[in-house]
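# Fold and geometry: a report
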Amino acid sequence: MKLVIASDHAGFDLKEQVRANLATAGHEVVDLGAYKCDPGDDYPDFAEKVGEAIKSGVAPRGILICGSGVGVCVAANKIPGIRAGICHDTYSAHQGVEHDDMNVLVLGARIIGSALAFELAHAFIGAKFQAQEGRFERRFKKVLAIEAKYQARERSAKPA
């Protein structure tokens, strides 16, 4: 699978390890930074890079890593069409895709180690959205409707 990956300084070392692990397993991994550990970088910048790359078709899914995972998860979910979830267990990593069509896996580098991160990434990549099960498709459409509703409100609230 082709995917994009990014992290801030707090997730840099784990990102490098996950990227290498996935590449060794035969996946095409597009690295969107950080390219060095710079304590002055800001996690929203990397969340936006991953979201934009997915929206523009660079890859269908992505992985984001920061210290806790919370910051990049919050930022990524501000981008319409991005469904990011923090996962620190393998069930959530595959179930988030299967039931909720999660397209960004978020990891907290200060929460988990590399061995678990590898397992989570592979569970995420190996999962497929189970649209054929009506309840998941129905729920997913409701999530999209919520997103569209608030996007429309934002557009109508802006002055001309």
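From a predicted model like this one, the values you see are computed outputs, not experimental measurements.

### Considerations on helix H5 (residues 114–126)
With 13 residues, H5 should reach 18 Å at 1.5 Å per residue; the first-to-last C-alpha distance of 18 Å fits that figure. By the burial criterion, the buried members of H5 are Ala117, Leu120, Ala121, Ala123, Phe124 and Ile125. Where H5 is buried, its residues meet strand S1 (2–7), helix H1 (12–24), strand S3 (61–66), helix H4 (90–100) and strand S5 (104–108).

### Some remarks on the UniProt feature "active site" (unreviewed entry) in the protein chain
Using the residue numbers shown here, the UniProt feature "active site" (unreviewed entry) corresponds to Cys66 and His99. In terms of the greatest pairwise C-alpha distance, the residues named above, spread along 34 residues, do not form a single cluster, extending to 24.7 Å across. Taking the annotated residues in turn, His99 line the second largest pocket. Tracing the backbone through its elements, the reader meets Cys66 in strand S3. Sequence-distant contacts of Cys66, defined by excluding residues within four places in its chain, comprise Asp8, Ala10, Gly11, Gly71, Val72, Leu107, Gly108 and Ala109. Assignment of secondary structure puts His99 in helix H4. If we ignore the near neighbours within four places in the chain, the residues touching His99 are Phe129, Gln130 and Phe136.

### Comments concerning the domain arrangement of the protein chain
When the parts of a complex come together, some accessible area is lost, and that lost area is often used as the size of the interface. According to the domain assignment, the protein chain contains domain 1 (2–129) and domain 2 (131–159). Relative to domain 2, the C-alpha centre of domain 1 lies at a distance of 23 Å. Listed as interface residues are 9 residues of domain 1 and, on the opposing side, 7 residues of domain 2. In total, about 660 Å² of surface goes out of reach between domain 1 and domain 2, with carbon and sulfur atoms giving 64% of it. Of all residues in domain 1, Pro80, His99 and Phe129 give up the largest surface area on contact with domain 2, accounting jointly for 67% of the area buried on that side.

### Some details on the environment of Ala75
Mapping Ala75 onto the fold places it in helix H3 (residues 70–76). Distance in space between the C-alpha atoms of Ala75 and Ala47 is 6.0 Å, their sequence separation being 28 residues. Residues contacting Ala75, with those up to four places away along its chain left out, are Tyr43, Pro44 and Ala47.

### Description of the sheet that holds S3
In spatial order, the strands read S2-S1-S3-S5-S4; together these 5 strands make up an open sheet with parallel pairing. This sheet does not close on itself; its edge strands, each paired only once, are strand S2 (28–31) and strand S4 (84–86). Averaged over all pairs of adjacent strands, the angle between strand axes in this sheet comes to 25°, irrespective of strand direction. In this sheet, S3 lies alongside S1 in parallel orientation, the contact comprising 5 bridges.

The rules we used
Here the residue index of a chain counts from 1 through its sequence in written order. Only residues with pLDDT of at least 70 are given local features in this predicted model, and only at 80 or more are side-chain atom pairs given and counted; all residues enter the totals for whole chains, interfaces and linings. Hydrogens and water molecules were not included; the side-chain quantities draw on all heavy atoms of the structure. Secondary structure elements are taken from DSSP: a helix is a run of H or I of four residues or more, a strand is a run of E of two residues or more, and numbering for both begins at the N terminus. Expected span of a helix: the number of residues minus one, times 1.5 Å. With a 1.4 Å probe rolled over the protein chains alone, any residue whose accessible area is under 20% of its type maximum counts as buried; one over 50% counts as exposed, and the rest are partly exposed. Contacts: residue pairs with any heavy atoms within 4.5 Å of one another. UniProt positions are given in the numbering used here, feature names are shortened, and annotations may be inferred rather than shown by experiment. Only protein atoms enter the 1 Å grid used here. Points where a 1.4 Å probe fits but cannot escape make up a cavity, open sets with protein on both sides within 12 Å along at least five of seven lines make up a pocket, and a residue lines them when an atom lies within 4 Å of a point. Delimitation of the domains relies on an automatic or database domain assignment. Buried area is understood as the total, over both parts, of accessible area removed when two parts are fitted together, assessed with a 1.4 Å probe. Only strands that DSSP links by at least two bridges are regarded as paired with each other. To obtain an axis, a line is fitted to C-alpha atoms, over the contacting stretch when the element is a helix, and the angle between two such axes runs from 0 to 180 degrees between their N-to-C directions.

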